[in-house]
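Structural overview for review
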Amino acid sequence: MGMPPNSIPRPTSSMPAAVYVLGLSVFALGTSEFMLSGLLQPIARDMDVSIPRAGLLVSAFAIGMVVGAPVLAAATLRLPRRTTLVALLAVFGLGQVAGALSPSYGVLFASRVVSALACAGFWAVGAAVAVSLVPADARARAMAVMVGGLSVANIVGVPAGALLGQHAGWRAAFWAVAGLSVLGLAGVLALVPTTARAGGPDAPRLRDELAIYRDRQVWLALIATALNAAAVFSLFSYLAPLLTETAGLRESWVPTVLALFGVGALIGTAIGGRIADAHLFGTMYGGIAASAAVMTLLALTAHLAVAAVALALLLGVAAFVTAPALNARMFNVANAAPTLAGATTTSAFNIGNTVGPWLGGLVIAAGWGYPAVAGLGALLAVLALGTTAIASRLHHGTSRVVAGGAGAAAESGTAGLVRRG
């Protein structure tokens, strides 16, 4: 039975199917974003560039995410959300095709930026849709489903991309992701609620949403998220060469270890999604501290193959247990601006994803070796822990932006989401 055209879906205790469809779409996006960690070596050989320069392709994607999230969130603020999601998935898929056909490093670099712009817009809008479909006390669980798409991408998509790169050429991995984007697009069309064009007094206004940036808690959440992401991806981006050149594993082992990282990521996401709504800061403290400890151990024992493999699994758990909490924290402190909250979180993660591989490349280029990159990651995690501690100390007061706009946020976060009969 259909719903009246102007009614708003009521949140239920079960997670709406649309949230799982968004997670499925994120699987395709995440596979593209992370698969280069297993393709750096074949891309570097084919394009005749160094490993650090090939690593900049990871940063290229992250740069596109940083810029694309707020820009596209603002540009599409008054557009129907499902239509926006469909358009962004289509552009993303075309970006994968362009990457597969790239004749040069420059074209491949540009295709990564374009794909990332679309990916960023999808994350920002998709996150706003996901949290609007559930009650406030289930936001972390909803975000855990979306982040779970990234975890599954690490378990299945990234190792599969590495295998394709080894046996069918790295371009085959790009073609496979293009196909996945088509599946995600079909899922969004089928199950994400149709949205009406925002208008009238309830329409979101960019000026109102930009007000969140007057709140220092928003900036602290952004910095903590960026530092945490930089810590993890300074190492993850160079995990494959660390495994082969430092730990002494054969290149054929790389997909297996990447899959183990993904298994850890899925476990971490599941744990974080269950506990973060009730213990937000505790989840952030525990996960970030665990990441710092794991990367410190890896810096000291990377030459031991068994230790490198085991710690890659543990890093996946530690890194992703914080993801639902970091996402939910931003939506809590920026409650009056759900669309820009999603965009800000996306940008924060990808500022870290940009800076981390760049700093890791500098460490490698300086001749300090891949274990030093793990030490760099541990240092960045400690800085993220300090920022989280500052935010926690200031948490005793209520954010003026949240206090002033909580009611409006609840309305704007769900306004326009309707189902056709």
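In every chain, residue numbers begin from 1 and rise along the written sequence. For a predicted model such as this one, the threshold for reporting local features is a pLDDT of at least 70, and the threshold for listing and counting side-chain atom pairs is 80 or more; totals across whole chains, interfaces and linings nevertheless cover every residue. Side-chain measures here rest on the full set of heavy atoms in the structure, leaving out hydrogens and waters.

1. Let's talk about the overall build of the chain
Within the chain one finds 17 helices and zero strands. Taking all 421 residues of the chain together, 59% fall into the buried category. Contacts in the chain between residues at least 24 apart in sequence constitute 87% of all its contacts with a sequence separation of at least 6. In this description, accessible areas are obtained by the Shrake-Rupley approach with a 1.4 Å probe, and a residue is regarded as covered only by the protein chains that are shown. Carbon and sulfur atoms form 68% of the exposed surface of the chain, whose accessible area is close to 15,900 Å². Working definition: helices are DSSP H or I runs of at least four residues, strands are E runs of at least two. Numbering for both runs from the N terminus. In this scheme, a residue with accessible area under 20% of its type's maximum is buried, one over 50% is exposed, and one in between is partly exposed, where area comes from a 1.4 Å probe on protein chains only. The contact criterion used throughout is that any non-hydrogen atoms of two residues lie within 4.5 Å.

2. Quick word on the packing of aromatic side chains
Paired rings are identified among Phe, Tyr and Trp, the last through its six-membered ring, by centres lying within 6.5 Å, and are further divided according to the angle between planes into stacked (under 30 degrees), edge-to-face (over 60) and tilted (the rest). Enumeration over the complete set of coordinates arrives at five aromatic pairs. Where phenylalanine 236 meets phenylalanine 261, the ring centres are 4.5 Å apart and the plane angle is 35°; that geometry is what we call tilted. Taken as a pair, phenylalanine 236 in helix α9 (residues 216-236) and phenylalanine 261 in helix α11 (residues 254-275) lie far apart in primary sequence, 25 residues in all. Classification of phenylalanine 236 by relative accessible area gives buried; the value is 3%. The exposure class assigned to phenylalanine 261 is buried, which follows from its relative accessible area of 1%. Between phenylalanine 261 and phenylalanine 320, the aromatic rings sit 6.2 Å apart at their centres with planes inclined by 80°, giving edge-to-face as the arrangement. Linking phenylalanine 261 in helix α11 with phenylalanine 320 in helix α13 (residues 305-321), this pair joins segments that are 59 residues apart in sequence. Only when the NZ atom of a Lys or the CZ atom of an Arg is both within 6 Å of the ring centre and within 35 degrees of the ring normal do we say a charge sits over the ring. Over the ring of tyrosine 105 we find arginine 53; its NZ or CZ atom is 4.3 Å from the centre of that ring.

3. Describing α13
Between its first and last C-alpha atoms α13 spans 25 Å; for 17 residues at 1.5 Å apiece the expected length is 24 Å, and the two agree. Those residues of α13 lying buried are Ala307, Ala308, Val309, Leu311, Ala312, Leu315, Gly316, Ala318, Ala319, Phe320 and Val321. Multiplying 1.5 Å by the helix residue count minus one yields the expected span of that helix.

4. Some details on the nonpolar core
For this analysis, a nonpolar core means a set of buried residues of the types Ala, Val, Leu, Ile, Met, Phe, Trp, Tyr and Cys, connected via side-chain atoms within 4.5 Å. Formed by 115 residues in total, the largest nonpolar core has its most connected members in Leu22, Ile43, Phe122, Trp123, Met146 and Val188. The element contributing the most residues to this core is helix α5 (residues 105-132), with 14 residues. Residues Phe281, Ala325, Ala328 and Phe349 belong to the second largest nonpolar core, which totals twelve residues.

5. Details of a nonpolar patch on the surface
Here a patch means residues that are over 30% exposed by relative accessible area and free of salt bridges, tied together within 9 Å if like-charged and within 5 Å if nonpolar (Val, Leu, Ile, Met, Phe, Trp, Tyr). The salt bridge definition used is simple: a Lys or Arg side-chain nitrogen within 4 Å of an Asp or Glu carboxyl oxygen. Residues Leu56, Ile351, Val355, Trp358 and Leu362 make up a contiguous nonpolar surface patch of roughly 400 Å² in combined accessible area. By secondary structure assignment, the location of valine 355 is in helix α15 (residues 338-365).

6. A few points about the packing of α9 against helix α16 (residues 370-393)
One way to put it is that α9 packs onto α16 with a least axis distance of 8 Å and a crossing angle of 165°. Taken together, the axes of α9 and α16 lie roughly antiparallel to each other. Our pair here, α9 against α16, has a crossing hand that is left-handed. Contact residues: α9 offers Gln217, Leu220, Ile223, Ala224, Leu227, Asn228, Ala230, Ala231, Ser234 and Leu235, while α16 offers Val373, Ala374, Leu376, Gly377, Leu380, Ala381, Leu383, Ala384, Thr387, Thr388, Ile390 and Ala391. Polar here means any residue outside two lists: the nonpolar Ala, Val, Leu, Ile, Met, Phe, Trp, Tyr, Cys and Pro, and the charged Asp, Glu, Lys and Arg; Gly therefore counts as polar. In the contact of α9 with α16, the residues fall into 16 nonpolar, six polar and no charged. An axis is simply a line fitted to the C-alpha atoms; with a helix, the fit covers only the stretch in contact. Between two such axes, the angle follows the N-to-C directions and lies from 0 to 180 degrees. Working rule for angles: under 35 degrees goes down as roughly parallel, over 145 as roughly antiparallel, 65 to 115 as roughly perpendicular, anything else as oblique. Each crossing is labelled by how the near helix is turned from the far one, with a counterclockwise turn of less than a right angle marking it left-handed and a clockwise turn marking it right-handed.

7. A look at helix α14 (residues 323-333)
Counted residue by residue, α14 has ten buried out of eleven residues, so it is predominantly covered. Looking only at α14, the buried set comprises Ala323, Pro324, Ala325, Leu326, Asn327, Ala328, Arg329, Met330, Phe331 and Val333.

8. Quick look at the pattern of salt bridges
Opposite charge on two side chains lets them pair, provided their charged atoms get close. Evaluated as defined, the whole model comprises two salt bridges. Glutamate 251 is paired through a salt bridge with arginine 45; the nearest N and O atoms lie 3.7 Å apart. Highlighted residues: glutamate 251 in the loop between α10 (239-246) and α11 and arginine 45 in helix α2 (residues 40-47), separated in sequence by 206 residues. On the accessibility criterion, glutamate 251 (28% relative accessible area) is partly exposed.

9. Points about the confidence of the model for the chain
Summary statistics for the chain give a mean pLDDT of 78 and a share of 85% for residues scoring 70 or more. A residue's pLDDT is the predictor's confidence in that residue, given on a scale from 0 to 100. At the low end of the mean pLDDT range in the chain sits helix α17 (residues 400-414), at 34; at the high end sits α16, at 91. A low-confidence stretch, residues 397-421 (pLDDT under 50), is modelled with 46 contacts involving residues beyond four sequence positions or located in other chains.

10. Some details on unusual backbone geometry
Even without a glycine there, the phi angle at aspartate 48 is positive, about 60°. Turning to its location among the elements, aspartate 48 is positioned in the loop between α2 and α3 (51-75).

11. So, the side chain of arginine 112
Following the sequence through the fold, arginine 112 ends up in helix α5. For arginine 112, a relative accessible area of 1% translates into the label buried. Ignoring any residue separated from it by four or fewer positions in sequence, one finds arginine 112 in contact with Ser32, Glu33, Leu36, Leu57, Ala60, Phe61, Gln96 and Phe174.

12. As for the side chain of serine 115
For serine 115, the location among the structural elements is in helix α5. Identification of polar contacts relies on pairs of N or O atoms within 3.5 Å, with a donor-acceptor requirement for protein atoms, meaning one able to donate a hydrogen and the other able to accept it, and with residues adjacent in sequence counted only if both atoms are side-chain atoms. Side-chain polar atoms of serine 115 contact the side chain of glutamine 96, separated by 3.1 Å. Contacts of serine 115, omitting those with residues within four sequence positions, involve Phe61, Phe92, Gly95 and Gln96.

13. Concerning the environment of alanine 310
Mapped onto the elements, alanine 310 comes out in helix α13. Spatially, the C-alpha atom of alanine 310 lies 9.9 Å from that of valine 294, the residues being 16 residues apart in sequence.

14. Describing empty space enclosed by the protein
Points on a 1 Å grid over protein atoms alone make up a cavity when a 1.4 Å probe fits among them but cannot get out, and a pocket when they form an open set with protein on both sides within 12 Å along at least five of seven lines; lining residues each have an atom within 4 Å of a point. Grid points are joined across faces, edges and corners, and a volume is the space filled by probe spheres set on the points. Taken as a whole, this structure holds four cavities of 30 Å³ or more when the rule is applied. What the largest cavity holds in volume is close to 290 Å³. In terms of lining, the largest cavity is formed by 20 residues, of which the most central are Phe34, Leu150, Phe233, Phe320 and Phe349. By residue number, the principal contributor to the lining of the largest cavity is α15, which donates five residues. There is about 80 Å³ of room inside the second largest cavity.

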